[in-house]
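Analysis of the macromolecular model
In case you want the letters, here they are:
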Amino acid sequence: LLHGIPRSSLLTVLANGLNERFSGTHAGAAFGNGAYLAEDLGKADQYVDADANYDPASDLHQRLYGRSYRHPGTALHYALVCRVALGHPIRTKDAGALARSCDDPNERVFPVNVRELAPVPNVAPPMHYHSLIAEKGPGHDRYREFVIFHASDYICPEYLIAYHRENSSAQASRGPSR
């Protein structure tokens, strides 16, 4: 899965992994206080900012762009490709503390607070769901999101992607690439 990340958080996350305690810092936490991931870069891209120019004094740039790789001098954006253990997920289409399960409308996703998921029904000893899958629904009809509430236990960043956004209208005016 993919995790879009602003450049200001990148080195910390690369060194320490994702941490749900910082959820909502950059974009809110509609589906609880967890680490948010997506299966589509279009969704992960909503959480990034531009890294526009090379700065030789920047610790990030010194580590990423040394002798072998050069910052292109145009806006780059960053996303992590992560290995994620979803475990036993609960699914919802509802945002907020009153969210209900897609599989059982009587089951609340967050029975106590938005930091801990509901316990899995009929399981002894009691065990909480491991992750939340926010299915497409009202107010979020383009992408699914995956929310992990104990990020350091279930998310392993594997790759860093640095990408440049291409303006589709500019590309269309140039014609097809060869």
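Preceding block: the structure.
To start, this report covers the structure provided alongside it.

What counts, and at which threshold
- Residues numbered from 1 in each chain as written.
- Predicted model: local features only at pLDDT ≥ 70, side-chain atom pairs only at ≥ 80, totals over all residues.
- Heavy atoms only, no water.
- Pairing = 2+ DSSP bridges.
- Helix = DSSP H or I, 4+ residues; strand = E, 2+ residues; numbered from the N terminus.
- Axes fitted to C-alpha atoms, helices over the stretch in contact; angles between N-to-C directions.
- Buried < 20%, exposed > 50% of the residue type's maximum accessible area, 1.4 Å probe, protein only.
- Arc of directions from axis to C-beta.
- Contact = heavy atoms within 4.5 Å.
- Core = buried A, V, L, I, M, F, W, Y, C linked by side-chain atoms within 4.5 Å.
- Polar contact = N/O pair within 3.5 Å; in protein donor to acceptor, adjacent residues only side chain to side chain.

1. Regarding the sheet that holds strand β1 (residues 2–5)
Spatially, 3 strands are ordered β1-β3-β7 in an open sheet, and the strand pairing comes out antiparallel. Strand pairing shows two members of the sheet lacking a second neighbour, β1 and β7 (155–163), which therefore form its edges. On average, each strand axis in the sheet is inclined to that of its neighbour by 30 degrees, with strand direction left out of account. With 4 bridges connecting them, β1 and strand β3 (residues 77–84) associate as antiparallel partners. Looking across to β3, one finds that Leu-2 is bridged to Val-81.

2. Quick notes on unusual backbone geometry
Here the residue pair Ala-124 and Pro-125 is connected by a cis peptide bond, since its omega of -5 degrees sits within 30 degrees of zero. Locating Pro-125 in the fold gives a position in the loop between β4 (89–92) and β5 (131–134).

3. Let's talk about the sheet that holds strand β6 (residues 145–148)
As summarised here, the arrangement of the 4 strands in space is β2-β6-β5-β4, forming an open sheet in which the pairing is mixed. The sheet terminates laterally at β2 (35–37) and β4, the two strands that pair on one side only. Along the sheet, successive strands turn relative to each other by an average axial angle of 25 degrees, direction set aside. Bridge analysis of β4 against β5 gives 4 bridges, and the strand direction is parallel. Bridge pairing links Arg-91 to Ile-133 in β5.

4. Considering helix α1 (residues 7–16)
Turning to α1, its buried residues are Ser-9, Leu-10 and Val-13. For α1, the buried positions fall inside an angular range of 120 degrees around the axis, keeping them on one side. Turned more than 90 degrees from where α1 packs its buried face, Ser-8, Ala-15 and Asn-16 sit exposed. If you follow the buried residues of α1, they end up packed against β1, α3 (59–64), β3 and β7.

5. Considering the environment of Leu-14
As for its placement among the helices and strands, Leu-14 is situated in helix α1. Residue Leu-14 is classed as partly exposed on the basis of its relative accessible area of 41%. Along the sequence, Leu-14 and Leu-80 sit 66 residues apart, while their C-alpha atoms lie 9.2 Å from each other. In contact with Leu-14, other than residues within four places in its own chain, are Leu-80 and Leu-160.

6. Here's the deal with the nonpolar core
In this structure, Tyr-78 and Ile-155 are the most contacted members of the largest nonpolar core, which totals 17 residues. Residue assignment for this core shows that the elements contributing at least two residues are α1, β2, β3 and β6. Sorting elements by how many residues they give to this core places β3 first, with 3 residues. Membership of the second largest hydrophobic core comes to 14 residues, among which are Leu-117, Ala-134, Val-147 and Phe-149.

7. With respect to the environment of His-128
For His-128, the position within the fold is in the loop between β4 and β5. Placed 40 residues apart in sequence, His-128 and His-88 show a C-alpha to C-alpha distance of 8.6 Å. When sequence neighbours within four positions are dropped, the list of residues in contact with His-128 reads Glu-116, Leu-117, Ala-118, Pro-119 and Val-120. Side-chain polar atoms of His-128 contact the backbone oxygen of Leu-117, separated by 2.6 Å.

8. Overview of the pairing of β3
Pairing of β3 with β7 involves 8 bridges; the strand directions are antiparallel. For Val-84, the partnering residue across the bridge sits in β7 and is Ile-155.

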